[in-house]
Amino acid sequence: MLTVDDVLEQVGEFGWFQKQTFLILCLLSAAFAPIYVGIVFLAFTPDHRCRSPGVTELSRRCGWSLAEELNYTVPGPGPEGQCLRYEVDWNQSALSCLDPLAGLAANGSALPLGPCTQGWVYDTPGSSIVTEFNLVCDDSWKVDLFQSCVNLGFFLGSLGVGYIADRFGRKVCLLATTITCAISGVLTAVAPDYTSLLLFRLLQGLVSKGSWTAGYTLITEFVGLGYRRTVAILYQTAFTTGLVLLSGLAYVLPHWRWLQLAVSLPIFLLLFCYWFVPESPRWLLSQKRNTEAIKIMDHIAQKNGKLPPADLKMLSVEEDITEKLSPSFTDLFRTPILRKYTFILMYLWFTSSVVYQGLIMHMGATGGNLYLDFLYSALVEFPAAFIILVTIDRFGRRYPLATFNLVAGLACFLMIFIPHDLPWLNITIACVGRMGITIGFQMVCLVNAELFPTFIRNLGMMVCSSLCDVGGILTPFLVFRLMEVWQGSPLILFAALGLVAGGMTLLLPETKGVTLPETIEDAENLHRKAKPKERKIYLQVQTSELNTQVPERDASQGNARQE
């Protein structure tokens with residue numbers, strides 16, 4: 001029985017067709033970056049103070065510099081000077097230019113302070129949703145909600161979009177999510193008020209992660225087994241390219257509406273993927289649409305300059321007896337060992353999301369140069385992909401995953417003690433932590449797929465990775481509200497999460513060189529030492545071969561014991 005992997009071995013597992021498709025779909029991955037962490041530029045909070053027309057007129061009449069104006073009229077640095085103002089009538093003619101407040105305080109008492117009733121003045125040449133909608137002081141939590149909405153959309157959309165991809169096909173899913181993502185992005189750029197801004201942001205979250213996932217699924221289904229892992233990692237590296245481009249665009253376009261348009265309009269061009277990228281032949285076979293799948297495989301052979309196999313018409317889907325088992329949410333917690341796997345992986349996904357997004361937001365709020373700091377921290381993600389490819393086959397999964405979570409946690413811990421007059425050291429340590437959590441983020445996806453048995457593997461991935469979105473919903477509130485207490489407070493949380501994640505990873509079994517588990521019993525036996533290679537049955541072995549090899553192996557082992 002001929003399978004897709006059999007055909008790809010003959011017509012090219014990563015030929016010209018796959019490379020062309022890979023580059024096209026990588027554009028989807030790059031376009032997802034501004035949606036995921038665009039809050040750094042769309043919602044940056046510049047220095048600000050209460051607006052007072054009287055102060056402006058007095059400053060003009062007295063010829064004050066900006067520093068003198070702030071010294072005479074603002075209560076002080078920090079939150080007090082940003083959110084409170086002196087209850088003074090600045091239009092009265094008795095005010096002196098040398099020290100206008102000197103004669104207003106009776107008997108040396110402090111002048112009364114009040115809230116900013118006439119808005120704020122922002123020290124920035126650009127704009128953000130903060131400056132346009134005045135999301136500061138008592139309304140600063142609305143910035144957190146803005147980012148939480150997109151992560152809530154990720155969480156809710158992952159369920160529905162996954163169903164669409166499996167029910168109606170990868171191409172239909174790709175088309176629907178891409179066009180909705182583009183439209184909602186443009187609507188976000190022209191949103192007239194904060195409420196509509198949240199609704200459009202939520203809508204973009206509902207479909208954008210699904211679009212990224214549809215591209216990920218398509219490219220991994222087009223390549224052969226030998227290239228699947230490498231392509232998956234490089235597809236995520238395209239996301240890093242999107243981060244680098246975002247920093248440049250944000251520098252050139254400091255106004256948030258133009259920036260939002262600049263990252264949304266190109267998404268419409270990705271609709272051409274519908275004509276240049278065919279449907280997944282694996283999905284077509286699963287839907288009994290064999291004729292269409294055969295045509296696509298023949299097209300792949302022509303693009304790669306190879307002849308299709310003579311028995312291409314015998315192409316069919318691999319039969320998997322484990323698919324007859326009905327997966328259930330309770331299966332993830334059925335046995336003590338599976339419960340341990342599930343809870344640890346849920347924690348690792350949660351930690352990866354909180355620390356990754358949290359470091360980006362914290363650097364954006366505390367860094368000296370917003371654009372350069374973001375660029376430097378994005379560039380360190382490129383070596384992360386290379387490190388993963390080098391380490392997972394030499395050192396396995398468990399120890400590298402634990403090590404890099406510990407590196408991220410330790411880096412966050414060290415940042416707490418770095419003085420403010422050493423910004424270069426702070427950004428360096430932050431970049432090390434960013435690289436560590438990036439590697440951990442990508443590796444937990446691989447480990448998650450290798451720990452659960454086949455019939456609940458997708459369910460396990462969906463449930464555990466949903467904690468990633470939950471972490472994304474909470475992260476803005478954790479970062480920005482904790483920073484109001486103390487600037488280093490979020491770093492304490494990140495350090496604790498990362499260090500605990502490193503320790504918990506060591507409780508998982510090593511999956512390097514071990515056959516993917518097919519049953520719950522196989523998953524529970526993963527902690528045992530891997531069997532010799534000649535006794536391992538890999539996933540790509542045909543079911544028919546597996547059924548014949550297992551009795552032969554058992555018989556040979558029985559004869560050996562009798563001897």
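Residues numbered from 1 in each chain as written. Predicted model: local features only at pLDDT ≥ 70, side-chain atom pairs only at ≥ 80, totals over all residues. Heavy atoms only, no water.

(A) Expanded view of the packing of aromatic side chains. Counted according to the given criterion, the structure contains 21 aromatic pairs. Taking 5.4 Å as the distance between ring centres and 25 degrees as the angle between the ring planes, the aromatic pair formed by Phe14 and Tyr227 counts as stacked. Separated by 213 residues along the polypeptide, Phe14 in the loop between α1 (4-11) and α2 (16-37) and Tyr227 in helix α11 (residues 225-252) bring together distant segments of the chain. Pairwise contacts between aromatic rings join Phe32, Tyr36, Phe154, Trp212, Tyr216, Tyr235, Phe239, Trp349, Tyr356 and Phe441 into one cluster. If you follow Lys142 out to its NZ or CZ, it ends over the ring of Tyr194, 5.5 Å from the centre. The cationic tip of Arg398 hangs over the ring face of Tyr399; the distance from NZ or CZ to the ring centre is 4.8 Å. (Phe/Tyr/Trp six-rings, centres within 6.5 Å; stacked < 30°, edge-to-face > 60°. Helix = DSSP H or I, 4+ residues; strand = E, 2+ residues; numbered from the N terminus. Lys NZ or Arg CZ within 6 Å of the ring centre and 35° of its normal.)

(B) Representation of the state of the cysteines in the model. Evaluation of the coordinates by the stated rule reveals two disulfides. The residue that forms a disulfide with Cys50 is Cys116, at a sulfur-sulfur distance of 1.7 Å. Negative torsions about the S-S bond denote left-handed disulfides, and the value of about -50 degrees found for Cys50 with Cys116 makes this one left-handed. Pair noted here: Cys50 is in strand β1 (residues 48-50) and Cys116 is in the loop between β3 (113-115) and β4 (120-122), with a separation of 66 residues, a long-range link. Neither residue differs from the other here; Cys50 and Cys116 are each classed as buried. The side chain of Cys83 participates in a disulfide bridge whose partner is Cys137; the two sulfur atoms lie 2.0 Å from each other. On the S-S bond that ties Cys83 to Cys137, the torsion sits near -95 degrees, and the link is left-handed. One end of the pair, Cys83, is in helix α6 (residues 79-83); the other, Cys137, is in the loop between α7 (129-133) and α8 (141-168), and 54 residues separate them in sequence. Assessed through its relative accessible area of 19%, Cys137 is described here as buried. (Disulfide = S-S within 2.5 Å. Buried < 20%, exposed > 50% of the residue type's maximum accessible area, 1.4 Å probe, protein only.)

(C) Spotlight on the side chain of Asn151. By the secondary structure assignment, Asn151 is in helix α8. Beyond its immediate stretch of four places on either side in the chain, Asn151 contacts Tyr36, Gln357, Asp469, Gly472 and Ile473. (Contact = heavy atoms within 4.5 Å.)

(D) Geometry of empty space enclosed by the protein. As enumerated under the stated definition, the model contains six cavities of 30 Å³ or more in all. Considered as a void within the structure, the largest cavity measures approximately 80 Å³ in volume. Lining of the largest cavity is provided by Leu28, Ala31, Phe32, Ile35, Thr178, Cys181, Ser208, Ser211, Trp212, Ile267 and Leu270. Elements that contribute at least two residues to the lining of the largest cavity include exactly α2, α9 (170-189) and α10 (194-222). Ranked by residue count, the leading element in the lining of the largest cavity is α2, at four residues. Class assignment of the residues belonging to the lining of the largest cavity gives a composition of eight nonpolar, three polar and no charged. (1 Å grid on protein atoms, 1.4 Å probe; cavity = no way out; pocket = protein on both sides within 12 Å on 5 of 7 lines; lining within 4 Å. Points joined across faces, edges and corners; volume = space filled by probe spheres on them. Nonpolar A, V, L, I, M, F, W, Y, C, P; charged D, E, K, R; others polar.)

(E) Representation of the layout of surface pockets in the model. Approximately 1200 Å³ is the volume found for the second largest pocket. Looking at the lining of the second largest pocket, the elements with two or more residues in it are α3 (39-42), α6, α8, α16 (336-366), α17 (370-379) and α21 (457-485). Its residues assigned to classes, the lining of the second largest pocket comprises 20 nonpolar, 13 polar and five charged. Two domains each provide a minimum of three residues to the lining of the second largest pocket, namely domain 1 (1-38 + 136-319) and domain 2 (327-527). (Domains from an automatic or database assignment.)

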